[in-house]
Amino acid sequence: MSDPNLQKTPLNAVHRELGGKMVDFGGWDMPVLYPAGTIKEHIRTRTSSGLFDVSHMGEIHVDGKDAIPFVNHLTTNNVEKLVDGQAHYSALTYVNGTVVDDLLVYRFGPERLLLVVNAATQDKDWEWIRSHSDGFDVDLRHASTEYCQIAIQGPSALGILQGLTDTPLDEIKYYHFSNGTVDGVASIISRTGYTGEDGFEVYADASEAVRLWNKMLDAGNYGSEDGILPCGLAARNTLRLEAAMSLYGHEISEDITPLEANLGWICKLTTDFIGRDALAEQKRAGLTRKLVGFEMTDRGIARDGFDIYIDDRKSGFVTSGSPAPFLKKNIGLAFVPAEFANIGQEIKIDVRGKMLAAEIVPTPFYKRAK
Amino acid sequence: MSNIPDNLKYSKDHEWLNVEGDTATLGITDYAQEALGDVVYVELPNEGENFNAHDAFGSVESVKAVSEIFTPVAGEVIETNEDLNDTPEVVNDDPYGDGWMVKIKMDNSGEADALLSAEEYAEFLESEEE
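Analysis parameters
- Residues numbered from 1 in each chain as written.
- Chains lettered and ligands numbered in written order.
- Predicted model: local features only at pLDDT ≥ 70, side-chain atom pairs only at ≥ 80, totals over all residues.
- Heavy atoms only, no water.
- Helix = DSSP H or I, 4+ residues; strand = E, 2+ residues; numbered from the N terminus.
- Rg over C-alpha atoms; globule rule 2.2 N^0.38 Å.
- Buried < 20%, exposed > 50% of the residue type's maximum accessible area, 1.4 Å probe, protein only.
- Areas by Shrake-Rupley, 256 points an atom, 1.4 Å probe, with all protein chains shown as cover.
- Lys, Arg positive; Asp, Glu negative; His and termini not counted.
- Charge placed at Lys NZ, Arg CZ, Asp CG, Glu CD.
- Contact = heavy atoms within 4.5 Å.
- Buried area = accessible area lost by both parts, 1.4 Å probe.
- Salt bridge = Lys/Arg side-chain N within 4 Å of Asp/Glu carboxyl O.
- Polar contact = N/O pair within 3.5 Å; in protein donor to acceptor, adjacent residues only side chain to side chain.
- Domains from an automatic or database assignment.
- Pairing = 2+ DSSP bridges.
- Axes fitted to C-alpha atoms, helices over the stretch in contact; angles between N-to-C directions.
- Parallel < 35°, antiparallel > 145°, perpendicular 65-115°, else oblique.
- Left-handed = near helix turned anticlockwise from the far one by under 90°.
- Phe/Tyr/Trp six-rings, centres within 6.5 Å; stacked < 30°, edge-to-face > 60°.
- Core = buried A, V, L, I, M, F, W, Y, C linked by side-chain atoms within 4.5 Å.
- Patch = residues over 30% accessible without salt bridge, like charges linked within 9 Å, V, L, I, M, F, W, Y side chains within 5 Å.

Caption draft 1: Representation of the overall build of chain B in the model. In terms of regular secondary structure, chain B is built from three helices and nine strands. When the helices and strands of chain B are placed in sequence order, the string is β-β-β-α-β-β-β-β-β-α-β-α. Its C-alpha atoms give chain B a radius of gyration of 14 Å, near enough to 14 Å, the size a compact globule of 130 residues would have. When the backbone C-alpha atoms are referred to their principal axes, chain B occupies close to 35 × 35 × 20 Å. Each of the 130 residues in chain B was classed as buried or not, and the buried ones make up 48%. A total accessible area of about 6,300 Å² is found for chain B, and carbon and sulfur atoms account for 39% of it. Where the 5 positive side-chain charges of chain B centre and where its 33 negative ones centre are 4 Å apart.

Caption draft 2: Quick peek at the overall build of chain A. For chain A, the helix and strand inventory stands at eight helices and 19 strands. Since a compact globule built from 370 residues should have a radius of gyration of about 21 Å, the 21 Å found for chain A is in line with a globular shape. Reported as C-alpha extents along the three principal axes, the dimensions of chain A are approximately 60 × 55 × 45 Å. Buried residues in chain A amount to 60% of all 370 residues. Total accessible area on chain A stands at roughly 15,300 Å², and carbon and sulfur atoms take up 49% of it. Positive and negative charge centroids in chain A, built from 37 and 51 side chains respectively, lie 5 Å apart.

Caption draft 3: Representation of the interface of chain B and chain A. Each side of the interface is counted separately: chain B has 15 residues, and chain A has 16 residues. Around 1,300 Å² of area is buried between chain B and chain A when both sides are counted, 49% of it from carbon and sulfur atoms. Viewed at the interface, chain A and chain B are joined by three salt bridges. Between A:Lys354 and B:Glu43 there is a salt bridge, with the nearest N and O atoms lying 2.4 Å from each other. At the junction of chain B with chain A, the criterion picks out 10 residue pairs in polar contact (both at pLDDT 80 or more). Within the residue set of the side of chain B that touches chain A, elements represented by two or more residues are α1 (30-36), β4 (39-43) and β6 (56-62) of chain B. Ranked by residues supplied to the side of chain B that touches chain A, first place goes to β4(B) with four residues.

Caption draft 4: How the structure looks around the domain arrangement of chain A. According to the domain assignment, chain A consists of domain 1 (12-53 + 146-242), domain 2 (58-144) and domain 3 (288-361). Summarising the inter-unit geometry, the C-alpha centres of domain 2 of chain A and domain 3 of chain A are found 34 Å apart.

Caption draft 5: Looking closely at the sheet that holds strand β15 (residues 307-310) of chain A. Residues and elements named next belong to chain A. Ordered in space as β14-β17-β16-β15-β18-β19, the six strands form a closed barrel in which the pairing is antiparallel. For this sheet, the mean inter-axis angle between neighbouring strands, taken without regard to orientation, is 45 degrees. Relative to strand β17 (residues 329-337), strand β16 (residues 313-324) runs antiparallel, the two being bridged by seven bridges. Following the sheet pairing, Ser-322 is matched in β17 by Ile-331. Of the strands in this sheet, β16 and β17 touch helix α7 (residues 233-242), which is tilted by about 120 degrees from β16.

Caption draft 6: Quick look at the packing of helix α2 (residues 38-47) of chain A against α7(A). All names here are of chain A. Remark: α2 packs on α7, axes separated minimally by 9 Å, with the N-to-C direction vectors making an angle of 50 degrees. Here α2 lies oblique to α7, going by the angle between them. Between α2 and α7 lies a crossing of right-handed hand. Here Thr-38, Glu-41, His-42, Thr-45 and Arg-46 of α2 come into contact with α7, specifically with Ala-234, Ala-235, Thr-238, Leu-239 and Glu-242.

Caption draft 7: Structural context of the packing of aromatic side chains. Residue and element names in this part refer to chain A. Enumeration over the complete set of coordinates arrives at 14 aromatic pairs over all chains. Residues Tyr-106 and Tyr-203 carry aromatic rings whose centres are separated by 5.6 Å and whose planes lie at 80 degrees to one another, so their mutual orientation is edge-to-face. A residue pair is termed long-range when its members are at least 10 positions apart, and Tyr-106 in strand β6 (residues 99-109) and Tyr-203 in strand β12 (residues 199-205) qualify at 97 residues. Just as Tyr-106 is buried, Tyr-203 falls in that class too.

Caption draft 8: Here's a closer look at the nonpolar core. Residue and element names in this part refer to chain A. Ranked by size, the top nonpolar core spans 41 residues in total, and within it Tyr-89, Tyr-106, Val-116, Ile-188 and Ile-252 carry the most contacts. Elements supplying a minimum of two residues to this core: β5 (86-93), β6, β7 (112-117), β9 (147-153), α7 and β17. Here this core gets four residues from one element, more than from any other, and that element is β6. Membership of the second largest hydrophobic core comes to 26 residues, among which are Leu-18, Ile-150, Val-185 and Ile-189.

Caption draft 9: Expanded view of a negative patch on the surface. Taken together, the side chains of B:Glu47, B:Glu79, B:Glu82, B:Asp83, B:Asp86, B:Glu89, B:Asp93, B:Asp94 and B:Asp98 define an acidic patch exposed on the protein surface. In this structure, B:Asp83 sits in the loop between β8 (75-80) and α2 (90-93).

Caption draft 10: Geometry of the sheet that holds strand β9 (residues 102-106) of chain B. Residues and elements named next belong to chain B. Strand order in the open sheet formed by six strands is β1-β2-β3-β9-β8-β5, and the pairing between neighbours is antiparallel. In the strand order of this sheet, the two ends are held by β1 (9-10) and β5 (50-51), each with one partner. In this structure, strand β3 (residues 23-28) lies alongside β9, joined through four bridges in antiparallel fashion. Among the inter-strand pairings, Leu-26 is bridged to a residue of β9, identified as Val-102.

Caption draft 11: Examining unusual backbone geometry more closely. Residues and elements named next belong to chain A. Here the bond from Thr-363 into Pro-364 is cis, since omega is 0 degrees, no more than 30 degrees from zero. Tracing the backbone through its elements, the reader meets Pro-364 in the segment after β19 (354-361). One non-glycine residue, Ala-244, lies in the positive phi region at around 55 degrees. Inspection of the secondary structure assignment puts Ala-244 in the loop between α7 and α8 (276-285).

Caption draft 12: α7(A), seen in detail. Residues and elements named next belong to chain A. Burial within α7 is extensive, with 10 of its 10 residues counted as buried. All of the buried residues along α7 are Leu-233, Ala-234, Ala-235, Arg-236, Asn-237, Thr-238, Leu-239, Arg-240, Leu-241 and Glu-242. As for α7, its buried residues are in contact with β1 (21-25), β2 (28-33), α2, β3 (50-53), β16 and β17.

Caption draft 13: Seen up close, the pattern of salt bridges. Residues and elements named next belong to chain A. Across all of its chains, the model carries 23 salt bridges over all chains by this definition. Arg-289 is the partner of Glu-260 in a salt bridge, and the nearest nitrogen-oxygen pair spans 2.9 Å. In this pair, Glu-260 is assigned in the loop between α7 and α8 and Arg-289 in strand β14 (residues 289-296), connecting sequence segments 29 residues apart.

Below, the structure written as structure tokens:
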């Protein structure tokens, strides 16, 4: 039985019917894997398609005359560069430059933006955003419960989804979106994702979640040899790690700035946002630590939080470590002193008392063929 | 329902033992492999190592998690299943057969008698589920 204190997405009963193994994920009752298992789910997403319930993500509407200047004041990327129908990856930062949360900013119009934030942090984000709105002509609405969000990812995703919509999907560029219908249901169809594959994230009214999910499974030939597979949080994590995408609380957090996490490309220091001065100063002074990718050279798996040693000195820590099911290697991301953040640098990782060797390698670990 | 062969002994840490004379072959149960998910790595001891009862002698890792493996009996490791280095997934596919992990020469073969029977292990699993 599920814990009544946990929050549930509109697809909760569907996950249980599919045999999903449910876990408490930041206060949400979510499937960590389905009977196929994480490895199959992961590989199927790379070779065919995977379906992910990401309805737990938070949606915050920002409407009004000052929508763009307001979000520009709060986030590191430059919202003025967005055009209607475009989205970008960004971060909410504190005055000291560390990260409140990472997010997507969607522009529907000059006075209409949608922020999509992480599930576990959405209440904190909402408070942060709301408390900084004085003096801005904006109307804010925390609308998470109104939406479902379903991600269909992988090389077959476009073909499957195209069978359910009249919107010409190949005309939607990466990090762009379109208002359309999926199986007759009004949807935001966004060419975004968190897997390193081509694919879409579909936002619709929460009441339509079960119908959309089942339609996508059917259209993707769920149950057939190479058909679509529903994927749990464990596959979502290993997919994003192979693609070296950041996870809040790991690569970025209240103790880590985006610059340290290789996210300088979302920090537009020419705009005036909360945390800009601290980031500009960090950039000027030079980073003392950097996020790097590593591959285990000894047998063994590094896990989140394990200590890194270089020249017998404790020199950093693993932010995310895991087997990489598609690459069939044991990989991870870690912070090391900037002077050692070089491809080919050997490091040691304390794996439950054993010092195992690893090597710094280029990221992303996995890049799909275009 | 998980598979629990009648002819084996079981521990509350979800290991199974097949006792033949003073030698015990040891692995993890069907329930344990199911709970772990896809096994990607098995760390085993060296032959000749000695362990006390309830010592951790190795670990088994899935994509998501690490679990230590404990020996419910004291003794010396006389053989390890080196095939698991290359094919750890056998632990999922055949936990009571090709997925065996170590053979232990027991210091006191009577120690195995105190372990759970198949029936008792099934009851234990049921009580865990509640």
